[in-house]
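Results of the structural survey
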Amino acid sequence: MTTSSPSALRNRDPILSVLRTALPSRGLVLEIASGTGEHVTHFARTFPAVTFQPTDLDAAARAGIDARTAADGAVNVRTALALDAAGDDWPVRHADAILCVNMIHISPWAATEGLARGAGRVIAPGGVLFLYGPYRRAGAHTTPSNEAFDRSLRERNPSWGVRDLEAVSALVRAQGFSSPEIHEMPANNLSLVFRRATS
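Overview of the structure. (Residues numbered from 1 in each chain as written. Predicted model: local features only at pLDDT ≥ 70, side-chain atom pairs only at ≥ 80, totals over all residues. Heavy atoms only, no water.)

Here we take up the nonpolar core. Within the largest apolar cluster, 28 residues are counted, with the highest numbers of intra-cluster contacts made by Ile-32, Ile-98, Leu-115, Leu-129 and Leu-131. When residues of this core are traced back to their parent elements, those giving at least two are strand 1 (27–32), strand 3 (95–101), helix 4 (109–122), strand 4 (123–133), helix 6 (165–173) and strand 8 (189–195). Of all the elements, helix 4 adds the most residues to this core, at 5 residues. Aside from chain neighbours lying at most four places away, what touches Leu-129 is Ile-98, Ala-119, Ile-123, Val-172, Phe-177, Leu-192, Val-193 and Phe-194. Within the second largest apolar cluster, 23 residues are counted, among which are Phe-43, Ala-74, Val-101 and Tyr-132. (Core = buried A, V, L, I, M, F, W, Y, C linked by side-chain atoms within 4.5 Å. Buried < 20%, exposed > 50% of the residue type's maximum accessible area, 1.4 Å probe, protein only. Helix = DSSP H or I, 4+ residues; strand = E, 2+ residues; numbered from the N terminus. Contact = heavy atoms within 4.5 Å.)

As structure tokens, this is what we get:
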């Protein structure tokens, strides 16, 4: 049985509009924290020459991803793997791009640090790291609703919260990536496209 995320249904097409210009036309795309699998199966239909590797730390989520992949007949989506973004022992050693949607604000900061390190290890020169979610900019929330959302996240788990764009960018740039291309998205979210230097 597969589960559905209302936010994934709302944001998958706006995200796809950015990915059309950001992802390679072929190769391997690693998704971190795939959740329900709705994003990866949706994107796979648009990029038939790309192989997608979903991952999630939660075993039930991985089972749901595989069930959704089978139900959708997504032949270019691999079996979901266990991956802890905060750790350094990832099951994938090379990818042409990494996608990470709505993880950074609902995980400890160590997961973002690990994501940046992993991107530095795994993504080839010229590859892409794509991040999506809410961010603070210049030390401030962009809207009152994002501030309220941040407060609710921290009440649920003190290690969670809306992160500073500049702090996330600094982590990724330290791994040899460009400053992000920033795309304004619906519901006060941002898409960030970091490109790995080619030399």
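A rise of 1.5 Å per residue sets the reference length of helix 3 (residues 59–72), with its 14 residues, at 20 Å; its end C-alpha atoms lie 20 Å apart and thus fit the reference within 8%. Taken together, the buried positions of helix 3 are occupied by Ala-61, Arg-62, Gly-64, Ile-65, Arg-68 and Thr-69. Each buried residue of helix 3 sits inside an arc of 160 degrees when the element is viewed along its axis, so together they form one side. For helix 3, exposure combined with an orientation more than 90 degrees from the buried face picks out Ala-60, Ala-70 and Ala-71. On its buried face, helix 3 sits against helix 2 (38–46) and strand 2 (50–54). Measuring from the side-chain oxygen of the N-cap residue of helix 3 to the backbone nitrogen of Ala-60 gives 3.2 Å; that N-cap residue is Asp-58. Looking one or two places after helix 3, you find Gly-73, whose phi comes out positive at around 65 degrees. (Expected span 1.5 Å × (residues − 1). Arc of directions from axis to C-beta. Polar contact = N/O pair within 3.5 Å; in protein donor to acceptor, adjacent residues only side chain to side chain.)

Running from N to C, helix 4 and helix 6 point in directions that differ by 35 degrees, and their axes come no closer than 8 Å. Both helix 4 and helix 6 take part in a crossing whose hand is right-handed. Residue-level contacts link Trp-109, Thr-112, Glu-113 and Ala-116 of helix 4 to Ala-167, Val-168, Leu-171 and Val-172 of helix 6. Residue composition of the contact of helix 4 with helix 6, by class: 6 nonpolar, 1 polar and 1 charged. (Axes fitted to C-alpha atoms, helices over the stretch in contact; angles between N-to-C directions. Left-handed = near helix turned anticlockwise from the far one by under 90°. Nonpolar A, V, L, I, M, F, W, Y, C, P; charged D, E, K, R; others polar.)

As a further point, take the packing of helix 2 against helix 3. Put simply, helix 2 and helix 3 touch, their axes get as near as 9 Å, and they point 30 degrees apart. Classified by the angle between their axes, helix 2 and helix 3 sit roughly parallel to one another. With respect to the hand of their crossing, helix 2 and helix 3 are arranged in right-handed fashion. Each of Glu-38, Thr-41 and Arg-45 in helix 2 lies in contact with helix 3, whose residues at this interface are Arg-68, Thr-69 and Asp-72. Class assignment for the residues of the contact of helix 2 with helix 3 results in no nonpolar, 2 polar and 4 charged. (Parallel < 35°, antiparallel > 145°, perpendicular 65-115°, else oblique.)

For the rest of this paragraph, the subject is unusual backbone geometry. For Ala-33, which is not a glycine, the phi torsion comes out positive at approximately 60 degrees. On the secondary structure map, Ala-33 appears in the loop between strand 1 and helix 2. When its relative accessible area of 27% is taken as the criterion, Ala-33 is described as partly exposed.

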